[in-house]
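# Structural description and commentary
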Amino acid sequence: MSAPSTSSSIRRVDGLAKVTGTAVYGNDITLPGMLYGVCRYADIAAGKIDKLDLSEALAIPGVVKIATYQDIPGEPVVGIMVKDYLPIIKDEVVFHGDVIAVIAAETYEAACLAADKIHISYTPYAPITDVEHALEPDARLIHPERGNNIAAHHHTIKGDIDAGFSASAHILEREYEVGFQEHAYIEPEVVLTWLDPTERHLIISGSIQNPHRVRSFVARFMGCPQGHINIKRAVMGGSFGGKDDIIDHLACRSALLTTLTGRPVKFCYTREHSILESCKRHPYKMKYKVGLDDSGQILAMKVDILADSGGYAASTPFVTWRSSVQAAGPYRIPNIRIDVTGVYTNNSYTSAMRGFGSPQVVYANESLMDEIAEYLKISPVDIRQINALKQGDASITGQVFDKHTVSALEVLSKAVTSAEFDSKRQHYAQLNQQGGVYRYGIGLALSYRGCSIGAEGVDTSTALVQVNEDGSVNIATSVSENGQGLQTTMSLIAAEAFGIPLSEIMFSEPPTSVIGDGGSTAATRGTLVGAARSLTLRLKLSNAF
């Protein structure tokens, strides 16, 4: 058999196990002596815990351990960038998904019953649920130690917007708003922890998106070296960014219970638990002001965005930064100011979700482009053609596009043609003039965004490539299979690079003990960064012989 091409159509290398039901997901794993973990969530969205009574819960038959804030041996506060999240809270409730205690019991039913029998007295606060209210001078502080309710702020400035608006023949102002969005991955969160019977190191498995970050969070939380923790991922049933946060926190709780009991512990969330605790896509309130000349050329734009961070910062500093450089779209704009502020509230905390700060601003900016076209009485295609970035133009951040082919107009043209946009738009307008219950339409949007981490942090990856005596190859990467087909992509690239059939490539999910940190499998970086590392190793092997 010859080596396959990356352009060829093949079966997924992990497909057979998934469609036949033999793939091992987190909840498929059962260990001898395993306990079942359950969280006791807060009953309110904001307030102070006055009294915590565990006595009735501890008396439930089968309950082995109930852990609270006082049992944490290491750092109780964790966070991706801003350390403000408590996997088990002390006495302040900031959102309805806060965990006050965790239970380990012989059966899942006993653990659930014990959670119900934990009695808590509160002094409730009036929840702050609106970002504008949260920014008022007399607003209660969600995290008093921060001094205000701002979780993050970013701005982008280019040119002189006052001069740009002064030169504009037309000025439009519009407001847009989007709400929360749930990830709703097929598999809810699962984490298992146990002590290796030989080495006595802590092993963590489950639906883990970012193994090395889980390890670092747990190590700090437990007050132990990272080398004493080994992450062994199970097959994952989807994430879309949602398991990049909640699994960090759940792994901390499960590790604590395993350490306290000396026994394996498994947490497997129901859909209700998942929705209650997990992060969501950020709701945005967006105000746009745009100035144009008579031809439709944009001369100035001002954008003000408030993003609801919920109770914790999580990935808000990263998500809002992405928005600050993408909120004006792929257009040539000489004068611009964008301000994006992430705001603490008592709502569900918000973090990574597919698109990472882009969908909200693309929706707003492209809606604005349609409204500009309607105002000027020109086609929505024409307004985009007039303003789209061309070869040699500079972005709103000053990046000059001269090192690659700028294809915005080409993409726009092909999309309009293949979708029969103009004819359908005319046809639907005629149908709508006839009246009736239904209305018809066709949408158009033009956007751009980067792949990989970019300016948010170091963007590296690691890979292991082993060429065996018989010529077959084993590969492993630090970026992870989340259900998106990464194993197949990596295997196909390796087969083409080595010039061998796909059947002679074996992809394995490596534990953290044998591979370096390659960052999160997010931001469309798995293939771009992970495969690049594999190809680099292929070249090094070639040069060695």
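Keep in mind that this is a model prediction, so the values were computed, not measured. (Residues numbered from 1 in each chain as written. Predicted model: local features only at pLDDT ≥ 70, side-chain atom pairs only at ≥ 80, totals over all residues. Heavy atoms only, no water.)

### Some thoughts on the overall build of the protein chain
Stated formally: Labels follow the DSSP assignment, with helices taken as runs of H or I lasting at least four residues and strands as runs of E lasting at least two, numbered in each case from the N terminus. Only C-alpha atoms enter the radius of gyration, while the globule expectation follows 2.2 Å times N to the 0.38, with N the number of residues. Each residue gets one of three labels from its accessible area relative to the maximum for its type: buried under 20%, exposed over 50%, partly exposed in between, using a 1.4 Å probe on protein chains only. Using a 1.4 Å probe, accessible areas were evaluated by the Shrake-Rupley method; residue-level cover was limited to the displayed protein chains.
Helix and strand counts for the protein chain stand at 15 helices and 18 strands. Its C-alpha atoms give the protein chain a radius of gyration of 26 Å, within 12% of the compact-globule value 24 Å for 545 residues. Principal-axis analysis of the C-alpha atoms places the extent of the protein chain at approximately 75 × 70 × 50 Å. A total of 545 residues make up the protein chain; the buried ones form 52% of that total. Of the roughly 23,800 Å² that the protein chain leaves accessible, carbon and sulfur atoms contribute 54%.

### Examining the UniProt feature "domain: Aldehyde oxidase/xanthine dehydrogenase a/b hammerhead" (unreviewed entry) in the protein chain
This is how the line gets drawn: UniProt positions are given in the numbering used here, feature names are shortened, and annotations may be inferred rather than shown by experiment.
Residues annotated in UniProt with the feature "domain: Aldehyde oxidase/xanthine dehydrogenase a/b hammerhead" (unreviewed entry) correspond here to residues 20–126. For residues 20–126, the end-to-end C-alpha separation is 51 Å, with 13% helix and 32% strand making up the annotated structure.

### Concerning the sheet that holds strand E6 (residues 119–124)
This is how it is decided: Here the rule is simple: two strands pair whenever DSSP picks up at least two bridges between them.
A sheet is described by the order of its strands in space; here 3 strands give the open sequence E4-E2-E6, paired in antiparallel fashion. Of all strands in the sheet, those with a lone pairing partner are strand E4 (92–93) and E6, marking the two edges. Across 2 bridges, strand E2 (residues 47–53) lies against E4 in antiparallel orientation. Its bridge partner being in E4, Lys48 is matched across the sheet by Glu92.

### Things to note about the pattern of salt bridges
Which entries qualify depends on this criterion: What counts as a salt bridge is simple: a side-chain nitrogen of Lys or Arg found within 4 Å of a carboxyl oxygen of Asp or Glu.
The tally for this structure, following the rule as stated, stands at 24 salt bridges. Of the charged contacts, one joins Lys18 and Asp14 as a salt bridge, the two residues approaching to 3.0 Å between their closest N and O atoms. Taking the relative accessible area as the measure of exposure, Lys18 reaches 26% and is therefore partly exposed. For the salt bridge of Asp43 with Arg40, the shortest nitrogen-to-oxygen distance reads 3.2 Å. Judged by its relative accessible area of 51%, Asp43 is exposed. The buried category is assigned to Arg40, whose relative accessible area is 10%. One connected set of salt bridges, linked through shared partners, spans Arg12, Asp14, Lys18 and Glu481.

### Considerations on the pairing of strand E10 (residues 202–206)
Of all 5 residues that make up E10, 5 are buried, and the element is covered over most of its length. Of the two faces of E10, both are covered, the one formed by Leu202, Ile204 and Gly206 as well as the one formed by Ile203 and Ser205. Judged from the 5 bridges that link them, strand E9 (residues 190–195) and E10 form a sheet pairing that is antiparallel. By the bridge assignment, Leu195 is partnered in E10 with Leu202. Between E9 and E10, which follow one another and run antiparallel, lie 6 residues, and Arg200 among them has a positive phi close to 65°.

### Some points on the nonpolar core
Quick note on the threshold: Definition used in this section: a nonpolar core is a set of buried Ala, Val, Leu, Ile, Met, Phe, Trp, Tyr and Cys residues joined via side-chain atoms within 4.5 Å. All domain edges in this entry derive from an automatic or database-based domain assignment. Residue contacts are defined here by distance: any two heavy atoms, one from each residue, within 4.5 Å place the two residues in contact.
In this structure, Ile204 and Val218 are the most contacted members of the largest nonpolar core, which totals 73 residues. Here the element with the most residues in this core is helix H7 (residues 246–261); it accounts for 8 residues. Counting only domains with at least three residues in this core, you end up with domain 2 (31–125 + 184–276) and domain 3 (133–181 + 280–434). Once you skip the residues sitting within four places of it in the chain, Val218 turns out to touch Leu202, Ile204, Ile229, Ala251, Cys252 and Ala255.

### Topic: the packing of helix H11 (residues 380–387) against helix H12 (residues 408–418)
Defined as follows: Note on method: axes are straight lines fitted to C-alpha atoms, helices fitted across the in-contact stretch only, with angles between N-to-C directions ranging 0 to 180 degrees. Oblique is the label for every angle not falling under 35 degrees (roughly parallel), over 145 degrees (roughly antiparallel), or within 65 to 115 degrees (roughly perpendicular). In this scheme the crossing of two helices becomes right-handed for a clockwise turn of the near helix relative to the far one and left-handed for an anticlockwise turn of less than a right angle. Three categories are distinguished: nonpolar for Ala, Val, Leu, Ile, Met, Phe, Trp, Tyr, Cys and Pro, charged for Asp, Glu, Lys and Arg, and polar for the others, with Gly belonging to the last.
The N-to-C vectors of H11 and H12 enclose an angle of 165°; their axes lie 10 Å apart at closest approach. Overall, the two elements H11 and H12 adopt an arrangement that is roughly antiparallel. The chirality of how H11 crosses H12 is left-handed. Contacts from Val381, Arg384 and Gln385 of H11 reach H12 at Leu409, Leu412 and Val416. For the contact of H11 with H12, the residue count by class is 4 nonpolar, 1 polar and 1 charged.

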